[in-house]
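# Reading the structure
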Amino acid sequence: MLSAGDCIRPASVYDALTARMAAELGFPAGMLGGSVAALAVLGSPDHGLLTLDEFAGLCRRICRTGALPLMVDADHGYGNALNAMRCVEELETAGVAALTLEDTALPLAYGQNGAKLIGLAEARDKLSAALEARQDPGLVIIARTDARYQDAADLTARARAFADAGADAIFLTGARTVDQLTAVREASGLPLMLAAQKGDLAGVDVAALGVRLCLTPHDTLPAALRGAYRSLAAVASADGTEAPEDLMRRLNETERYDDLMRRFLKK
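First, a word on what this report is: a plain description of the structure on this page. (Residues numbered from 1 in each chain as written. Predicted model: local features only at pLDDT ≥ 70, side-chain atom pairs only at ≥ 80, totals over all residues. Heavy atoms only, no water.)

Going through the model one piece at a time under the given rule, you end up with 11 salt bridges. Two residues, Arg 144 and Glu 102, come together in a salt bridge whose shortest N-O distance is 3.7 Å. In this pair, Arg 144 is assigned in strand E5 (residues 140-146) and Glu 102 in strand E4 (residues 98-102), connecting sequence segments 42 residues apart. As a salt-bridge pair, Arg 250 and Asp 246 come within 3.6 Å of each other at their nearest N and O atoms. Take Asp 246: its relative accessible area is 36%, and that puts it in the partly exposed class. (Salt bridge = Lys/Arg side-chain N within 4 Å of Asp/Glu carboxyl O. Helix = DSSP H or I, 4+ residues; strand = E, 2+ residues; numbered from the N terminus. Buried < 20%, exposed > 50% of the residue type's maximum accessible area, 1.4 Å probe, protein only.)

Let us now look at helix H1 (residues 16-24). Listed in full, the buried residues belonging to H1 are Thr 18, Ala 19 and Ala 22. Seen end-on, H1 carries its buried residues on one side only, within an arc spanning 105°. Relative to its buried face, H1 has exposed residues pointing more than 90 degrees away, namely Leu 17 and Glu 24. Measuring from the backbone nitrogen of Leu 17 back to the side-chain oxygen at the start of H1 gives 3.3 Å, which picks out Asp 15 as the cap. The positive-phi residue at the C-terminal boundary of H1 is Gly 26, with phi of around 95°. (Arc of directions from axis to C-beta. Polar contact = N/O pair within 3.5 Å; in protein donor to acceptor, adjacent residues only side chain to side chain.)

Regular strands show a simple pattern: their side chains alternate between the two faces of the sheet. By the criterion of burial, strand E6 (residues 169-173) is predominantly enclosed, with 5 of the 5 residues buried. Residues Ala 169, Phe 171 and Thr 173 point to one face of E6 and Ile 170 and Leu 172 to the other, with burial holding for every one of them. Looking at chain direction, E5 and E6 are connected through 5 bridges and run parallel. Residue pairing in the sheet places Ala 143 in a bridge with Ile 170 of E6. One crossover worth recording links E5 to the parallel E6 by way of helix H6 (residues 152-165), and it is right-handed. Where E6 and strand E7 (residues 192-194) come together, 2 bridges link them in parallel fashion. Looking at E7, one finds that Ile 170 is bridged to Leu 192. Taking the sense of rotation as the criterion, the β-α-β connection linking E6, helix H7 (residues 178-188) and E7 turns out right-handed. (Pairing = 2+ DSSP bridges. Right-handed = clockwise from strand over helix to strand, strands pointing away.)

Turning our eyes to something else, we now look at the packing of helix H2 (residues 34-42) against helix H3 (residues 52-63). Packing of H2 against H3 leaves a shortest axis separation of 11 Å and a crossing angle of 95°. It follows that H2 is roughly perpendicular to H3 by the angle criterion. Together, Ala 37, Ala 40, Val 41 and Leu 42 of H2 and Glu 54, Phe 55 and Leu 58 of H3 make up the contact between the two elements. Its residues placed into classes, the contact of H2 with H3 shows 6 nonpolar, no polar and 1 charged. (Axes fitted to C-alpha atoms, helices over the stretch in contact; angles between N-to-C directions. Parallel < 35°, antiparallel > 145°, perpendicular 65-115°, else oblique. Contact = heavy atoms within 4.5 Å. Nonpolar A, V, L, I, M, F, W, Y, C, P; charged D, E, K, R; others polar.)

All right, on to the nonpolar core then. In globular proteins that are soluble, nonpolar side chains generally tend to be buried together. Of all hydrophobic cores here, the largest spans 62 residues; its most connected members are Leu 32, Phe 55, Val 72, Leu 91, Leu 99, Leu 181 and Leu 194. The dominant element in this core, judged by the number of residues it contributes, is H3, at 7 residues. Ignoring sequence-local partners within four residues, the contact set of Leu 99 consists of Val 72, Ala 74, Val 88, Leu 91, Leu 139, Val 140, Ile 141 and Ile 142. Ranked by size, the runner-up nonpolar core spans 11 residues in total, among them Ile 8, Met 193, Leu 213 and Leu 215. (Core = buried A, V, L, I, M, F, W, Y, C linked by side-chain atoms within 4.5 Å.)

So, on to the sheet that holds strand E2 (residues 30-32). In spatial order, the strands read E1-E2-E3-E4-E5-E6-E7-E8; together these 8 strands make up an open sheet with parallel pairing. Looking at the sheet topology across the chains shown, the edges are occupied by strand E1 (11-12) and strand E8 (211-214). With 5 bridges joining them, E4 and E5 adopt parallel strand pairing. Within E5, the residue paired with Leu 99 across the bridge is Ile 141.

Now the structure itself:
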């Protein structure tokens with residue numbers, strides 16, 4: 001898929017049945033997002049609470065269907081460079097086809113406001129360690145970075161470093177302009193991946209700019225929950241069967257976690 005000329009749009013999946021469903025509908029691949037995995041396993045917001053074992057177990061259950069290739073969001077590799085190596089080992093064993101590894105500083109530090117990136121040297125070395133841990137050359141490892149926290153020079157330097165380390169592609173989140181895609185593509189020579197086409201990229205033929213993967217919205221799990229709510233409400237004879245607008249926030253205890261972060265992380 002990375003070597004083809006098209007832009008692939010994987011289905012957002014979260015379990016064995018949605019993977020089979022996506023395959024039946026003709027999607028070429030599935031994507032398991034980190035926030036989706038946190039909801040599916042813990043019923044919590046995406047605050048880095050999911051463990052590697054829990055994530056790998058979910059990946060294994062999806063991959064055992066053999067329905068379609070599975071891409072996964074491996075966050076920051078669950079720690080430092082050595083943790084990233086362990087992450088690659090576990091996810092490769094689980095059967096994933098591709099994983100993204102980001103350079104965000106996680107988990108959030110005490111008093112930290114907003115996302116931050118780790119230094120370029122650490123990001124490069126963590127990626128190198130992850131690549132060294134790979135046993136199956138068919139496993140795709142995609143370096144992820146966020147354009148919102150870097151100027152053009154920093155972004156191209158990071159893209160070049162990821163390419164030199166041996167990444168198979170670059171997942172550029174927060175990109176909003178053609179110039180950003182062009183600069184990263186020219187600096188790295190690698191296929192690109194986007195989370196969405198927003199800003200000046202809306203309606204643009206991103207495949208012509210080297211984009212080979214563009215995610216679809218992670219709407220599958222919320223839609224399934226709304227359907228489940230209607231079914232349960234009908235059985236319970238509750239007044240009305242439409243799911244409330246704040247259903248997801250209520251079920252994943254968003255307010256509780258926001259309060260915990262204010263109290264204990266001073267966020």
